[in-house]
Structure formats: structure tokens, C-alpha cells
Amino acid sequence: MKRLIILLLLVALLLSATGCQGNKITSPPSETISEDADRMQISMGFWDIQSMVNAAGKDAIWQMIEEKFEIEIQPVNLNWSDYNERYLIMAISGSLPDIFAATTTSVTSGDNVLQMSDMLARDLLRPLPEDLSAYPLVEKTVNELRDFITYEDGNIYAFPRKSFEEPELASSDAGMLVRKDWLENLGLGKPETLEDFIAMAAAFANDDPDGNGIDDTIGYNCNNQLVLGKWLSLGIAPECNIYSWIDYDGRFIPTYLHPEYQNVVATLWKLYQEGGLDPEFYQKKANDAVYDFGRGTLGALEYKVSPATIAEAEMYWNKYHDETEKFSDHVTYLNIFPAPDGNRYSNSSSVFWSETLISASVSDEKLDKILQLYDYLLSDDGLTLIRIGLEGSDYMIESGEYKSLLDTSEDNVSSLLTTKYPSLYLFTSLASWGGSEMDFFVSPENNLRYGETSMTIAQESYLWNKENTQLVRRPIEFLHMIKTDHEEFNSKSFADKLAQVIVSEDDPITGWQAVIAEWQEAGLNEYIENINHMASSSGIKPK
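Cut-offs used in this document
Residues numbered from 1 in each chain as written. Predicted model: local features only at pLDDT ≥ 70, side-chain atom pairs only at ≥ 80, totals over all residues. Heavy atoms only, no water. Pairing = 2+ DSSP bridges. Helix = DSSP H or I, 4+ residues; strand = E, 2+ residues; numbered from the N terminus. Axes fitted to C-alpha atoms, helices over the stretch in contact; angles between N-to-C directions. Contact = heavy atoms within 4.5 Å. Phe/Tyr/Trp six-rings, centres within 6.5 Å; stacked < 30°, edge-to-face > 60°. Buried < 20%, exposed > 50% of the residue type's maximum accessible area, 1.4 Å probe, protein only. Lys NZ or Arg CZ within 6 Å of the ring centre and 35° of its normal. Salt bridge = Lys/Arg side-chain N within 4 Å of Asp/Glu carboxyl O.

Enquirer: Please set out the sheet that holds strand β4 (residues 158–162) residue by residue, giving values where relevant.
Expert: The pairing of strands in a sheet comes from backbone hydrogen bonds and takes either a parallel or an antiparallel form. The sheet built from five strands is open, its strands ordered β2-β1-β3-β12-β4 with mixed pairing. Each having just a single partner strand, β2 (71–78) and β4 make up the two edges of the open sheet. With direction set aside, neighbouring strand axes in the sheet form an average angle of 25°. Taken together, the two bridges between strand β1 (residues 40–47) and strand β3 (residues 99–102) define a ladder with parallel strand orientation. The partner of methionine 44 across the bridge, within β3, is isoleucine 99. Strands β1, β2 and β3 of the sheet are contacted by helix α4 (residues 83–93), whose axis makes an angle of about 125° with β2. Here helix α13 (residues 364–377) sits on the sheet and contacts β1, β2, β3, β4 and β12 (352–358); the angle it forms with β1, its principal contact strand, is near 55°.

Here it is, written out as C-alpha cells:
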């Protein structure tokens, strides 16, 4: 409630100080007619689409979609760090986009500033229509996930973005890229155990692995502080490898309360104390570690190992290295270590992550256009468009075979397409995060899309995980239950407290126990009991 009040005051100050103009807090775009054509305007809020927002003109894919559906799309860029707060400000100032990406249903921690219950109480959302038969692929997705997305009033307000078609693909959401040339320079093999990894990370930081005689290398870091240890934890306390909830001892609890999570804290503490963990990990922003890896200063990057994310890492690498320092010659990946019980576990994900919410101001006619667009993006034609571009311009089919028309001598098709068509930052993930097994197998088409190195690493890692690991068990039904917020026990508080324990020279387990005791004094147990009561009232029971 305290955060809500502060944000309300912030909005009031903005409105009074700027007259709703200095910070461009404006009313939603008019639904009627654009200046250019007889088309309905639809505003769309999504993460990291600034290149689309800032483009000098509309790219060809953007134009094609607008022409196909007779609409005009107005993109609204959002940042990962403050999008919920911005939604609150937009809601109060009457400038919510027509549709916008959110995590009110798929969030697993329950720490959103603006929850669905708040938005419904303010009459900010409209539900999906009961009859979706005109949009068969939208209807299929909704029916598959209906149990998770139906609100307590019986309506569905969120269209979910499915994570992966095959559950095993979720293993790619936690991986480890390492500098294989540094391993060779230091006479090290790939680490086979957690202890080997700690020693490797320390050597990367302390033993001049690049041989330049300068203390300028970093051992290990991840792309976001909130997922620090996500991959490492699979070999320590598998169920605790994400900031979320688990069922333990007859009730649902946050992962950090599991007794085995203390071993995760102790491992991260040891990595830091021995120099293996980036000394500035707690000061860096999301993706800074990816940039460090691209610059060649970081030896072990905890990241995803899907084709797209490896291709992203290679893209940054190529910005700082010429053709004599190929990504493929310097980078490899690690396999997951055995857990204490002797088994190997891989990351699992919820059936979907994030969703589209629809503003209450959207008319039936506009919603019809939106759902038509989503159905198209989920179709084979739509997936072909966002994966390989426009036929005749970006590729051709010759004797039944795909042939790229882009110059792929220095970059992969995926990177070339997002450079050529900035709108793909929106359209590629607007309807689903979607990935299927076909995206993870080496093929001429996929090699062109993401590059041979990215495909090789992604395929090898996926197949090894599929054959040698089991997915971490998750209480999916509970995770998708809409939870109440708490200003004290949220992701930022968790990340801050964890960092304080890691950088302290005091015993980490004692330090983490003190954090838990502090939270319990502040009402953590009561909060957990309330959440469990909500679950029980909804018929959700621990296994």
C-alpha cells in the first residue's frame, strides 16, 4: 500500500507540474480515423520496442500488417524495470494503451504494484468475448489454459503468451556459456561438479586467462540479479532455482524459505569471497553481464541457451571482435551438475509467461481487429513472417527449398531481420513467446536464422538435457493463482537482502537466517498463511 500511495502522489505531481504535457501523459489515441488512411488506430504497449517507436518510418512488415488488417499501430515502449509502475501512472492519467503486456496472471511471486483486482476495481479492463470461434488459434490457446486464466468472476481478462510447445524446451531458460579459450589457456577442463565450477570462476577472475598481464577479467555473472544462480542452483537445490513458490512440508512457501536454499546462498557467498562472482554484480543493470561477455571481459555467463539468446550473445561479441576472433572458437557451454541426490535436473517453466491485457476503452470493432491480428501471428503464415521475413524480399522458395535473399556473410537472418524490420521486436512476441522443437534443431534454414554456432550449442544443450535430466517439479496451478501483494516480501527486497549477505564477510547461512527472522518479525508467516488460505479456498492443495 505504501508503494501505491507514493505512486499516486507521483502522478499527482506530474499532472500538476506538467499540465499533462511535459511528460507526454496524454489521453489514449482516438479510435476513429488516422490522418493517413481510413484505418482504426490501435496502441500497443510492449517491452523494449524503442527501436520501433523511434524509427523514422514504418518498415515493410509493419506496413504489410497494417494493410492486411486495415489498422494503424501505435507502439508504446516499456522498460522491464518499471513497467508496472508506468501502467499505474498511465491508468490514473487515462493513457493506458489499447492492449499491453503484463504479468498480472503469470507472475509467480505476487509482487506486482498494480494487480488485476485493482485494475478491475477501477474498470480499466475488458474481458475476452465468450465466443472466440472466429479466431480458432486464439480460441485453442485460451481453451488449453482456461483453468489458469479464468478470473473469479468467470471472465477471462488475459490472453496468455505460451512459453514453449514442448515442456522440455524450458530447460533452455537456464544455461551457462563459458570461454573455452580461457579454459585452454589455464589448462582447465570443463567443470564436472559445483566445486570445479567455483574453482574455474575464481581462476577466470584471478589468473589472467586472456594473458594480457592486466587484472581486467571477471569470473561469473548472470544477465539479471534476480535470477542469480538460476542454473547453478539446479546442482544445489533444484526446486529453489527461481524466485518463486514451492510446495514443501504440506504448504506453499517462497523458495528462499526451503532449508536447502541456504546452500545456494553459501555457494554464491563462496563464489564472491573467492573472486569468482563479479565484484560489482549487485550494481549492474539487466543485460550488463551479456555486454561484458560480448566485450570479452567475462568468462562464465549464466544465461539462456535458446538459439535466439545465443545469437544475441554472438551479436554483442561480433561488435567487439573482428573475423579473426570468431565466437565459435572462443565460446562453449556447460552441462548441468548432479544435485545432492545424484540426479540431474533441468529448469522447467510455467505453461505461459506474461499476457496481453485489453483496455476497457476498446470497442467491439477494435477488439475484433486485435484478435484477428493475434490469430494471424499464431498461424503458420504469421510464424513464417516473423521467423524469415517477406517472401521475395528476404527469402524465396526454390524447388521446395528455403533460400535466404539476405547477405548472411557477417550476420544471421534473425539479427538482419530485426535490423531491417524493427517492428519484429513487437510482432515476434506479441501473441506468444512460442518456441517449438523444430526451432532447436540444426537445419539450413535455422542456421541462417540464428547462425551455425548458436544452433549447434542450442541443439546439443537441449538434447543433452532431454536425455540426461528431469524437469524440476513446479506447483503450476498454484503459481498461476492470482496472489495478494506485499510491500516487504517482494523480488526487489529479496535481491537486495541476498546481495547484502553475499558481500558480507560474515557466515552466509547465519546471515540468511537473520534475514528470514527479520521478515518473520515483519509478518512473513502471516502473509504465507494468507496465501495458503487463498489457495485452499480455490481448491489448490500442496502435493
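Anyway, onward from the coordinates.
Enquirer: Explain the packing of aromatic side chains residue by residue, including any values.
Expert: Where two aromatic rings form a pair, the distance of their centres and the angle of their planes describe that pair. Counting across every chain of the model gives 38 aromatic pairs. Taking the centre distance of 5.5 Å and the plane angle of 65° together, the rings of tryptophan 245 and phenylalanine 478 count as edge-to-face. Of this pair, tryptophan 245 sits in strand β7 (residues 245–248) while phenylalanine 478 sits in helix α19 (residues 476–479), and the two are 233 residues apart along the sequence. According to the relative accessible area criterion, phenylalanine 478 is buried, its value standing at 1%. An aromatic cluster is present here, built from Phe46, Trp47, Trp80, Tyr83, Tyr87, Phe100, Trp353 and Trp433 joined pairwise through their rings. Between lysine 68 and the ring centre of phenylalanine 69, over which it is positioned, the NZ or CZ distance is 5.8 Å. Here the basic side chain of lysine 190 rests over the ring of tyrosine 333, its NZ or CZ set 4.7 Å away from the ring centre.

Enquirer: Outline the pattern of salt bridges, supporting the account with residue identities and numerical values.
Expert: Counting across every chain of the model gives 22 salt bridges. One salt bridge in this structure joins aspartate 364 and arginine 126, with 3.1 Å as the shortest N-O distance. Taken together, the positions of aspartate 364 in helix α13 and arginine 126 in the loop between α5 (116–121) and α6 (136–149) put the pair 238 residues apart, joining distant regions of the chain. By relative accessible area, which is 55% here, aspartate 364 ends up exposed. The class for arginine 126 is buried, based on a relative accessible area of 17%. One network of salt bridges, in which partners are shared, links Lys140, Glu144, Lys162 and Glu165.

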